[in-house]
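# Report on the structure
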Amino acid sequence: MCRDAETSCFLSTLHLRMFHVGFIVLVSMTVISLQISECSGMLWFLWFGSLWLGSAPSPLLVGLVGLGFGSQLVQAVACSRWETPGAAGLFQDGDVVIGGLFSLYYQPPALDHDFSRLPLYKPCTRLQALPLQYIYAMVFALEEINESVKLLPGVKLGYHIHDSCALPLWALRAALSLVGGNSSSCSFSAATDGGKKSGEKPGDQAVPLIIGGDSSITAMILSRLLGPLAVPLLSYTASCPCLSDRSQFPNFFRTMPSDIYQARAIAQLAISLNWTWIGAVVAKNSYGLMAIKIFQEETRGAGVCLAFVETLRRENIVSDATHAALAIQASTAKVILIFTWYTDVRELFQQLDARNVTDRQFLASEAWSTSGDLLQHPSSSKVASGVLGVAIRSSAIPGFEKYLRNLSPSHRPNDKFLREFWENVFLCGLKDSAAANRLPPCSGTESLQTVHNLFTDTSQLRVTYNVYLAVYAAAHALHRLLSCPDSKSLPGNSSSTCSVPKHIKPMEVLQHLMKVNFTTPQGEMFYFDGADVPAKYDLVNWQKTLGGKLKLVLIGRVDGYDLQMNESAIQWSTGSNQVPVSVCSERCRPGTRVATRKGEPVCCFDCLPCTEGEISNTTGSPHCEPCPPEFWSNSDRTACVPRQLDFLSFNETLGITLTTVAVFGVTVTTAVFVVFLYYRQTPMVRANNSELSFLLLLSLKLCFLCSLVFIGRPSVWSCRFQQAAFGISFVLCVSCLQVKTMVVLAAFRSARPGAEALMKWFGPGQQRGSVCFFTSIQVLICVIWLSISPPVPQPDLDVPGLKVTLRCAMASVVGFSLVLGYIGLLACTSLLLAFLARKLPDNFNEAKLITFSMLIFCAVWVAFVPAYVSSPGKYAVAVEIFAIIASSYGLLFCIFAPKCFIILLRPEKNTKKYLMAR
């Protein structure tokens, strides 16, 4: 402890360089931490973190530290540490020493808070085999570099390796010892002199670079601690994307890819395998929550949805794992994504095994995809067969297995880690060890050559290879620095000479580490992009052996955004070679479209068939595409086929019926014509202008016949002829009726006194002329219409359906309207005249018959307009034919049926006397 006053100790240091200032703060923090951790380690951690989160050390900061804890500080020449944390470590001095931090032990000591003993007085326990392999990977790489004639020739690299006990507090303590030197003295001359002084023990030399930070949280804390001193921290497992932020962690580097890349790789797996309904179980920390966020971002727009997201907390793992297992069991999702530590997965698998949930396909993150403990656990073989996961890239290290198996305490007597591991493996006590009293002594013949455990297994070197790469990255940075190709460009370097190993500054190593670019002994290119290395992963699959155990099989690789996978080599959870299906709704087949369900994820939808005229020819189509006008959808709604032309033909039932009725009308009209011709001399025929009657019968026959022109495939000439025949025939017919009515009116008007000359205007010649005049007007309208804008045959594409009607399209509605309008005008005029003549004195007044026939005629054609407009396709043509036939029959029967009845059945009434009677 310090003996003198705090003020002199503080003032004596103000003139020192920034590095010296930083060292004082670090050493003083160590002393303070040792005292405060006696009371509460966590309180110290929070205080220390808040003090160092921001900026570089300054004299003011040192002053605050000194004033706040003055009773604990002394002059530098009199300061000493209570305890040397580096007592339990692995040391090898050299020209340049590299620091190492590894979580070798996982059982921290219990702290006594009675304030009667020194803090941190007990070491951590429970040595782990795999982290020990990481340590010897670092040692092996350093020895390999020391033997190289190309890399750092003439420079010997040493190492100071400490255990961090998997706790940030332990890591901080060890890091302070590494950057400040592990000496028990507070002398600044000892701490800043790179040379080894007489009386120093191994590990007292300060390091310019640390390989460590086995977790992201530890790496963040260490980086913030070492940042103001510009000491590079090179991590081999920290994967948090936040560590890529150079503004917060400018001194941080890693050989482990960022978690962003593995989340993207897993998202690519899900998309490529068409898994759209996935459950997720993640750790409730930055690792799990960040990974699932990136997964969702990467799969957005690809139709992938999360059925549920369950979180696991380490402190409440049993209840959380139980809840997650129940969610997996209840969900319809067959694929489960797990982002958490392997110990959490082990508990989850046990809960699933208890519920006999064995049909799920798991997607694994690198945190547990290669876990040997999980592979050997009984529950895993039941519930986790076929696991597909992302793993840290594995690579062979030539000579490393031989190096491990040749390790022996006899060759490394001062290696405390190896001695403890040796005693644990062979269950014997080495000489001068604590275990010698409780274990039989070792015979000296023990060897690792026949030992098979995690330490000697080099078949899957993943994190081990990351450590190996970290050492080579540090060595190449030192090589650049000591080769000094650009020493003049380094900030603060006013000398033109190269740096020497004994006086290397951390800032110089940091600057050269940023520029590292080399080829590894395995032939891979290595460089840093900021803090990160290019993302490289293995894709692994858990497969069952014949004995029922699980083994790890490499089935693909990920290089950046490029995913390569041998799908045929995968053993799925179902035991078959068919990719499991995990969807909320089956993909919509061709001919249907996706219809999302309100309030549900986009992956849950209904499949609605495409409407007529639309198709979808792909699976999972979000919408249906309309067919071109000339095409229509087939019955399955999967393709557009040419539309079939349809028209009213003579071969179909409707055509045959209309033809029969029309021909029957022609026959009846002809029969009436024959009757009238035979009885043309009788009073009944002569009484009503027989010439007009014959002309009327001829026009009616033409009306019946013109209806047949509308039946059959329309052509250019048939379209023109049918409208002309229709218009002219009906005008001829109505003209005859109008002239007949006019003649009746004139005949009765001429019987009045003074009106004898009226009949000379309605003689036979005038009657024929009137008919010809009225008809010629319609002929003129038709000629003009058909000459300027005639109807043409055209498919009616506006009407939906596979069959499209080929009809005569009216190019000019005005022309057709004039034709119909003129017929309507004549009909109305005839109706009016006939109505006026209906009560004229005559036993057989034809005006009554004309009135009734015109009423029927007008009623038919008034009803025709809405029926024609609303009828689809060829039925509109049928409506027009029906109107022609119906009006023709109305005229025929209303005018000629009474006459034929008298002529044929009541001949006694066919006399002039009867007809003239009132």
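Owing to the predicted nature of the structure, the values given are computational and were not obtained by experimental measurement.

## As for the overall build of the chain
Secondary structure summary: the chain contains 26 helices and 27 strands in total. Going through the 918 residues of the chain one by one, you find that 52% of them count as buried. On the chain, roughly 41300 Å² of surface is accessible, and the fraction owed to carbon and sulfur atoms is 60%.

## Some thoughts on the packing of helix α24 (residues 846–870) against helix α25 (residues 874–905)
α25 packs onto α24 with a crossing angle of 170° between their chain directions and a minimal axis gap of 9 Å. Here α24 lies roughly antiparallel to α25, going by the angle between them. By residue class, the composition of the contact of α24 with α25 is 19 nonpolar, three polar and three charged.

## Some details on the pattern of salt bridges
Two side chains that carry opposite charge are able to pair once their charged atoms sit near each other. One pass over the structure, following the stated rule, counts 21 salt bridges. Across the pair Lys 874 and Asp 646 runs a salt bridge whose closest N-O atoms are separated by 3.6 Å. In this pair, Lys 874 sits in helix α25 while Asp 646 sits in strand β25 (residues 644–646), placing the two residues 228 residues apart along the sequence. Judged by its relative accessible area of 16%, Asp 646 is buried. Through salt bridges with shared partners, a single network forms among Arg 393, Arg 462, Asp 538, Arg 557 and Asp 559.

## A word on the state of the cysteines
Overall, the coordinates contain nine disulfides when judged by the stated rule. For Cys 240, the disulfide goes to Cys 242, at an S-S distance of 2.4 Å. Handedness of the Cys 240-Cys 242 disulfide follows from its S-S torsion of about 130°: it is right-handed. Under the relative-accessibility criterion, Cys 242 is labelled partly exposed at 29%.

## Here we look at the sheet that holds strand β5 (residues 157–163)
Hydrogen bonds between backbone groups are what pair the strands of a sheet, and the pairing can be parallel or antiparallel. Across the sheet, six strands lie side by side as β1-β5-β2-β6-β7-β8; this open sheet has mixed pairing. Every other strand in the sheet has two partners, leaving β1 (89–92) and β8 (252–254) as the edge strands with one partner each. Relative to β8, strand β7 (residues 233–235) runs parallel, the two sharing three bridges. Of the residues in β8, the one forming a bridge with Ser 235 is Arg 254.

## As for the confidence of the model for the chain
A residue-level look at the chain finds 82% of positions with pLDDT of 70 or above and a mean pLDDT of 82. In this model residues 186–195 is a low-confidence stretch, pLDDT under 50, and it forms 21 contacts with partners more than four residues away in sequence or in other chains.

## Section: the side chain of Ser 887
Turning to its location among the elements, Ser 887 is positioned in helix α25. A polar contact is formed between the side chain of Ser 887 and the side chain of Trp 861, at a distance of 3.3 Å. For Ser 887, the side chain forms a polar contact with the main-chain oxygen of Ile 884, separated by 3.0 Å. Those residues in contact with Ser 887, other than ones at most four positions away along the chain, are Phe 730, Phe 857, Val 860 and Trp 861.

## With respect to helix α7 (residues 216–226)
Across the eleven residues of α7, eight count as buried, placing the element largely inside the fold. Turning to α7, its buried residues are Ser 216, Thr 218, Ala 219, Ile 221, Leu 222, Ser 223, Leu 225 and Leu 226.

## Focus on empty space enclosed by the protein
This structure, assessed with the given rule, holds seven cavities of 30 Å³ or more. As a volume, the second largest cavity reaches approximately 180 Å³. In terms of lining, the second largest cavity is formed by 14 residues, of which the most central are Leu 469, Glu 524, Val 533, Pro 534 and Lys 536. Put simply, the parts of the chain that give the lining of the second largest cavity at least two residues each are α16 (463–483) and β15 (525–527). Here the lining of the second largest cavity gets three residues from one element, more than from any other, and that element is α16.

## Let's talk about the packing of aromatic side chains
Per the stated rule, a full pass over the model turns up 35 aromatic pairs. Arranged with centres 5.0 Å apart and planes meeting at 70°, the rings of Trp 861 and Phe 864 form a pair that is edge-to-face. Residue Trp 861 and its partner Phe 864 are located together in helix α24, separated by three residues, close to a single helical turn. For the pair formed by Trp 861 and Phe 864, the shared burial category is buried. The cationic tip of Arg 720 hangs over the ring face of Trp 717; the distance from NZ or CZ to the ring centre is 5.2 Å.

## Details of a nonpolar patch on the surface
On the surface, Leu 698, Leu 702 and Leu 705 cluster together into a nonpolar patch covering about 230 Å² of accessible area. Here Leu 702 lies in helix α20 (residues 690–709).

## So, the sheet that holds strand β12 (residues 361–364)
Taken in spatial order, the eight strands of this open sheet run β10-β9-β11-β12-β13-β16-β17-β18, and their pairing is mixed. Pairing within the sheet leaves two strands with one partner each, and these edge strands are β10 (305–312) and β18 (562–565). Put simply, the sheet's adjacent strands are angled 25° from each other on average, direction ignored. Where strand β13 (residues 388–392) meets strand β16 (residues 536–544), five bridges bridge the pair, whose relative direction is antiparallel. Counted as the bridge partner of Gly 389 is Val 540 from β16. Sheet strands touched by helix α9 (residues 286–299): β9 (277–283), β10 and β11 (335–339). Its angle to β9, the strand with the most contacts, is close to 155°.

## Here's the deal with the packing of helix α4 (residues 129–146) against α16
Angle between the axes and distance between the axes are the two parameters that describe a pair of packed helices. Where α4 meets α16, the closest approach of the two axes is 8 Å, and the angle between their N-to-C directions is 35°. α16 is crossed by α4, and the crossing has right-handed handedness. Every residue of α16 that contacts α4 at Gln 133, Tyr 134, Ala 137, Met 138, Phe 140, Ala 141, Leu 142, Glu 144 and Ile 145 is listed here: Val 463, Thr 464, Val 467, Tyr 468, Val 471, Tyr 472 and Ala 475. Looking at the contact of α4 with α16, its residues break down into 13 nonpolar, two polar and one charged.

## Considerations on the pairing of β10
Judged from the seven bridges that link them, β9 and β10 form a sheet pairing that is parallel. Residue pairing across strands places Ala 283 opposite Leu 312, the latter belonging to β10. Tracing the backbone out of β9, into α9 and back to the parallel element β10 gives a crossover that is right-handed.

## Here we look at the side chain of Asp 93
Mapping Asp 93 onto the fold places it in the loop between β1 and β2 (96–102). Here the side chain of Asp 93 touches His 160 through a polar contact of 2.9 Å, side chain to side chain.

## Here we look at the nonpolar core
Met 138 and Leu 157 are the most contacted members of the largest nonpolar core, which totals 76 residues. Every element with two or more residues in this core is listed here: β2, α4, β5, α5 (168–180), α14 (400–405), α15 (416–426), α16 and α17 (506–513). The leading source of residues in this core is α16, at 15 residues. Not counting chain neighbours up to four residues away, the residues in contact with Met 138 comprise Ile 98, Gly 99, Gly 100, Phe 102, Tyr 159, Ile 161, Ile 211, Val 467 and Val 471. Of all hydrophobic cores here, the second largest spans 67 residues; its members include Leu 697, Phe 774, Ile 850 and Ala 883.

## Some words on unusual backbone geometry
The phi dihedral of Leu 152 falls on the positive side, at around 50°, and the residue is not glycine. Mapped onto the elements of the fold, Leu 152 is located in the loop between α4 and β5. In this structure Leu 152 comes out as buried when scored by relative accessible area, which is 3%. With a phi close to 55°, Asn 356 is a non-glycine residue in the positive phi region. As for its position among the elements, Asn 356 is in the loop between α11 (342–354) and β12. Look at Asn 356 and you get exposed, because its relative accessible area is 59%.

## Here's the deal with the environment of Ala 897
With respect to the helices and strands, Ala 897 occurs in helix α25. Taking the C-alpha atoms as reference, Ala 897 lies 8.7 Å from Val 672; in sequence the two are 225 residues apart.

## A short note on the environment of Ile 728
Structurally, Ile 728 can be placed in helix α21 (residues 716–750). In sequence terms Ile 728 and Gln 778 are 50 residues apart; their C-alpha atoms lie 6.0 Å from each other.

Calculation notes
Throughout, residues of each chain are indexed from 1 in the direction in which the sequence is written. The predicted origin of the model limits local features to residues at a pLDDT of at least 70 and limits the giving and counting of side-chain atom pairs to 80 or more, whereas totals for whole chains, interfaces and linings rest on all residues. Side-chain descriptors were evaluated using all non-hydrogen atoms of the structure, hydrogens and water having been removed beforehand. A run of H or I in DSSP counts as a helix once it spans at least four residues, and a run of E counts as a strand once it spans at least two, with each numbered from the N terminus. Under the scheme applied here, a residue whose accessible area is under 20% of the maximum for its type counts as buried, over 50% as exposed, and between as partly exposed, the area being computed with a 1.4 Å probe on protein chains only. For every accessible area listed, the method is Shrake-Rupley and the probe measures 1.4 Å; residues are considered covered only by the protein chains on display. Note on definitions: angles span 0 to 180 degrees between N-to-C directions of axes, and those axes are lines fitted to C-alpha atoms, for helices only across the stretch in contact. Roughly parallel means an angle under 35 degrees; roughly antiparallel means over 145; roughly perpendicular covers 65 to 115; every other angle is labelled oblique. For this classification, Asp, Glu, Lys and Arg are treated as charged, while Ala, Val, Leu, Ile, Met, Phe, Trp, Tyr, Cys and Pro are nonpolar and the rest, including Gly, are polar. Salt bridge, as applied in this entry: a Lys or Arg side-chain nitrogen positioned within 4 Å of an Asp or Glu carboxyl oxygen. Pairs of cysteine sulfur atoms within 2.5 Å are identified as disulfides in what follows. Pairing between two strands is assigned when DSSP locates at least 2 bridges connecting them. Per-residue confidence from the predictor is reported as pLDDT, which spans 0 to 100. Should any heavy atoms of two residues lie within 4.5 Å, those residues are counted as being in contact. Two N or O atoms form a polar contact when they lie within 3.5 Å of each other; inside protein one atom must be a possible hydrogen donor and the other a possible acceptor, and for residues adjacent in sequence the pair counts only when both atoms belong to side chains. Using protein atoms alone on a 1 Å grid, points that fit a 1.4 Å probe yet trap it form a cavity, whereas open point sets bounded by protein on both sides within 12 Å along at least five of seven lines form a pocket; residues with an atom within 4 Å of a point count as lining. Grid points are joined across faces, edges and corners, and a volume is the space filled by probe spheres set on the points. For this analysis, a ring pair means two rings from Phe, Tyr or Trp (six-membered ring only for Trp) whose centres lie within 6.5 Å, classed as stacked if their planes differ by under 30 degrees, edge-to-face if by over 60, and tilted for the remaining angles. Geometrically, a charge over a ring is one whose NZ (Lys) or CZ (Arg) sits within 6 Å of the ring centre while staying within 35 degrees of the ring normal. Patch definition: residues above 30% relative accessible area lacking any salt bridge, with like charges linked at up to 9 Å and the nonpolar side chains Val, Leu, Ile, Met, Phe, Trp and Tyr linked at up to 5 Å. Crossing handedness: left-handed means the near helix sits turned counterclockwise from the far one by under a right angle, and right-handed means the same turn made clockwise. A right-handed crossover is one whose linking path, passing over the helix from the first strand to the second, runs clockwise when the strands point away from the viewer. Grouping buried Ala, Val, Leu, Ile, Met, Phe, Trp, Tyr and Cys residues that are joined through side-chain atoms within 4.5 Å yields what is termed a nonpolar core.

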